[in-house]
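A closer look at the structure
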Amino acid sequence: MRLKISLLKEPKHQELVSCVGWTTAEELYSCSDDHQIVKWNLLTSETTQIVKLPDDIYPIDFHWFPKSLGVKKQTQAESFVLTSSDGKFHLISKLGRVEKSVEAHCGAVLAGRWNYEGTALVTVGEDGQIKIWSKTGMLRSTLAQQGTPVYSVAWGPDSEKVLYTAGKQLIIKPLQPNAKVLQWKAHDGIILKVDWNSVNDLILSAGEDCKYKVWDSYGRPLYNSQPHEHPITSVAWAPDGELFAVGSFHTLRLCDKTGVRNVLNDAVDLLEFRDRVIKASLNYAHLVVSTSLQCYVFSTKNWNTPIIFDLKEGTVSLILQAERHFLLVDGSSIYLYSYEGRFISSPKFPGMRTDILNAQTVSLSNDTIAIRDKADEKIIFLFEASTGKPLGDGKFLSHKNEILEIALDQKGLTNDRKIAFIDKNRDLCITSVKRFGKEEQIIKLGTMVHTLAWNDTCNILCGLQDTRFIVWYYPNTVYVDRDILPKTLYERDASEFSKNPHIVSFVGNQVTIRRADGSLVHISISPYPAILHEYVSSSKWEDAVRLCRFVKEQTMWACLAAMAVANRDMTTAEIAYAAIGEIDKVQYINSIKNLPSKESKMAHILLFSGNIQEAEIVLLQAGLVYQAIQININLYNWERALELAVKYKTHVDTVLAYRQKFLETFGKQETNKRYLHYAEGLQIDWEKIKAKIEMEITKEREQSSSSNPARV
């Protein structure tokens, strides 16, 4: 990637240009010491003078009112704040009309910034004060008072904190009184400019020590540039947080978020576009390119005839691809298109902010769209891809902690779709997107996980866990048999990737990781688990067993065991469990095979996977009340066992007998009031109880035989 720079033969401004601001991807406003505000159009190369300011107004900083769903069509969304050397800030409309001028500071107002909701404005000045104003220009509070000029200021992504300069120090101050202030020495010279990106939560700083630096929101350094020849006077993030620009004397650099410059590589195919390219994404055999006006969809089989359609706003900030379709975040909306260029849907939810959406907070699969809510970061909204409507009955996924990164698996049926996410504690969790009952709860897969990715061809998950690289070959194991989950993992040391590495992609059997220094590292994993997934999805169980016998690895057998149980193939499960030495489970599977009815077998398979509630439902629906009672007795779920016996008016004495035997074994007395009530005056007759149980089993066997006469 390179910067395209052009110089006009005749400059439109007669004096120093002090500040600029983009309205769209193709329209720019500039302010100068010649008191002019000029509009530039990159498409037509036209320049228009918007207004000539009074001679006593020398512009210093410029910031557009944020565009969002809530105020998009209001007049204030088409206005900006201009700070000046006379101690004032000015609210000016897009047409150049000065709506309001406010006396703000003693000395020049060095910077002014709207928060992301457009509900507040922060200004800083030569007098060292940081002030918060309402959107109409009314003073709310003086946040802080420094002894030196404050040259730059930026809002935190949640609009609850403000970052500002103080000589060589950077300070993050929350708006809430008495909240903890974070302060650290950032440069060896006076800091001139800061920017804080709302998407990646990273901070940029630049100073007179001729360096620019990248920090996380806790003040930890992520990148430190080499000293340049001149002080760095300007830094600014691209809205999506992937790139930033660095300005110095006669120098302009474009960097990625790790601080490394992008270079233009030699290309085999040269693709030319009428307009400036904003975003591009290559995946699933398609290249999607967004310009300032149109979207181009190329097939890797044919680069000559792309599908082309017009964009709604032409300010695409994110492209996500799935196998069947792709998603664009364009302006204030989300759009889903097929690779043939057909519009599919546009999901929405109350308070949706598209300006902060990125690849970590939006995920796409063939049937589902997942979006983490910004207003409440513990919530993930789920939508049907085909309609854009909320999934199922409109429920959203809610977690106990704030969620940092989300990812949907890519293969399989909609009912089996899973979503993995990393929360604020760096726990990796997984859950189903379709059902949120007790049996489909959120389950933790790992701790201290910093980045994750699903495979593009099968549901294999990888992540970086502390100093280890981990692959979960079959994450669904946590719903089937959590005991053998460690046996389904692949692990290797990841210390070679240095601090803060990030997984870029997981394609085929290759994982691409970007290190903190910007370099890309590729890891190859075994191709056999993907082949095993393919065999199982096609119900080729004999081929799956042969593959495991050929590979002779415990991880393969463990994955096959879990896959077989999940698909109710207990014969294959028995072979696989025997191969990994789980003898007790082999015996349990054998006992399942000897059960008299298919309903009992199904219930015990569900019990094997820990799905107690579903097992009970299967038995009750089949009229096997005693078996439902017995599984609760076996699990010492005494309350539920008695509840079922009383409800169906059968085997109350059986429950009481087993309860009494249990208490006698442990030398305890009955204290449960319900059991005391039903045991009053009742004599336990074990011979009678055993006869009733035998009769139930015989009855079940006869019913099974009559419904399956061919098996008699």
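This write-up is about the structure you can find in this document. (Residues numbered from 1 in each chain as written. Predicted model: local features only at pLDDT ≥ 70, side-chain atom pairs only at ≥ 80, totals over all residues. Heavy atoms only, no water.)

Details of the overall build of the protein chain
- Within the protein chain one finds 13 helices and 46 strands.
- Principal-axis analysis of the C-alpha atoms places the extent of the protein chain at approximately 105 × 60 × 45 Å.
- When burial is assessed residue by residue, the protein chain has 51% of its 712 residues classed as buried.
- When contacts within the protein chain are restricted to residue pairs at least 6 apart in sequence, long-range pairs at least 24 apart make up 42% of them.
- A total of about 34900 Å² of accessible surface is found on the protein chain, and carbon and sulfur atoms cover 51% of it.
- Between the averaged position of the 83 positive side-chain charges in the protein chain and that of its 84 negative side-chain charges there is a distance of 2 Å. (Helix = DSSP H or I, 4+ residues; strand = E, 2+ residues; numbered from the N terminus. Buried < 20%, exposed > 50% of the residue type's maximum accessible area, 1.4 Å probe, protein only. Contact = heavy atoms within 4.5 Å. Areas by Shrake-Rupley, 256 points an atom, 1.4 Å probe, with all protein chains shown as cover. Lys, Arg positive; Asp, Glu negative; His and termini not counted. Charge placed at Lys NZ, Arg CZ, Asp CG, Glu CD.)

Some thoughts on the sheet that holds strand β25 (residues 286–291)
- Here 4 strands make up an open sheet; going across it, the order is β24-β25-β26-β27 and the pairing antiparallel. The open sheet terminates on both sides in strands that have one partner only, identified here as β24 (277–283) and β27 (302–310). On average, each strand axis in the sheet is inclined to that of its neighbour by 20°, with strand direction left out of account.
- Bridge analysis of β24 against β25 gives 6 bridges, and the strand direction is antiparallel. Looking across to β25, one finds that Asn283 is bridged to His286. (Pairing = 2+ DSSP bridges. Axes fitted to C-alpha atoms, helices over the stretch in contact; angles between N-to-C directions.)

Description of the side chain of Ser332
- One can find Ser332 in the loop between β29 (325–330) and β30 (333–338).
- There is a polar contact of 3.4 Å between the side chain of Ser332 and the side chain of Glu313. (Polar contact = N/O pair within 3.5 Å; in protein donor to acceptor, adjacent residues only side chain to side chain.)

Considering the state of the cysteines
- Inspection of the entire model under this criterion finds 0 disulfides.
- Its sulfur unpaired, Cys31 is 4.2 Å from the next cysteine sulfur, which belongs to Cys19.
- Cys255 takes part in no disulfide bond, and the closest cysteine sulfur, belonging to Cys210, lies 15 Å away. (Disulfide = S-S within 2.5 Å.)

Description of the packing of aromatic side chains
- Throughout the structure, instances matching the rule amount to 32 aromatic pairs.
- A centroid spacing of 5.0 Å and a plane angle of 70° characterise the contact between Trp64 and Phe80, whose relative ring orientation is edge-to-face. One end of the pair, Trp64, is in strand β5 (residues 59–64); the other, Phe80, is in strand β6 (residues 79–84), and 16 residues separate them in sequence.
- Judged by centre distance (6.5 Å) and plane angle (40°), the ring pair of Tyr335 and Tyr337 falls under tilted. This pair shows no difference in class: Tyr335 is buried, exactly as Tyr337 is. (Phe/Tyr/Trp six-rings, centres within 6.5 Å; stacked < 30°, edge-to-face > 60°.)

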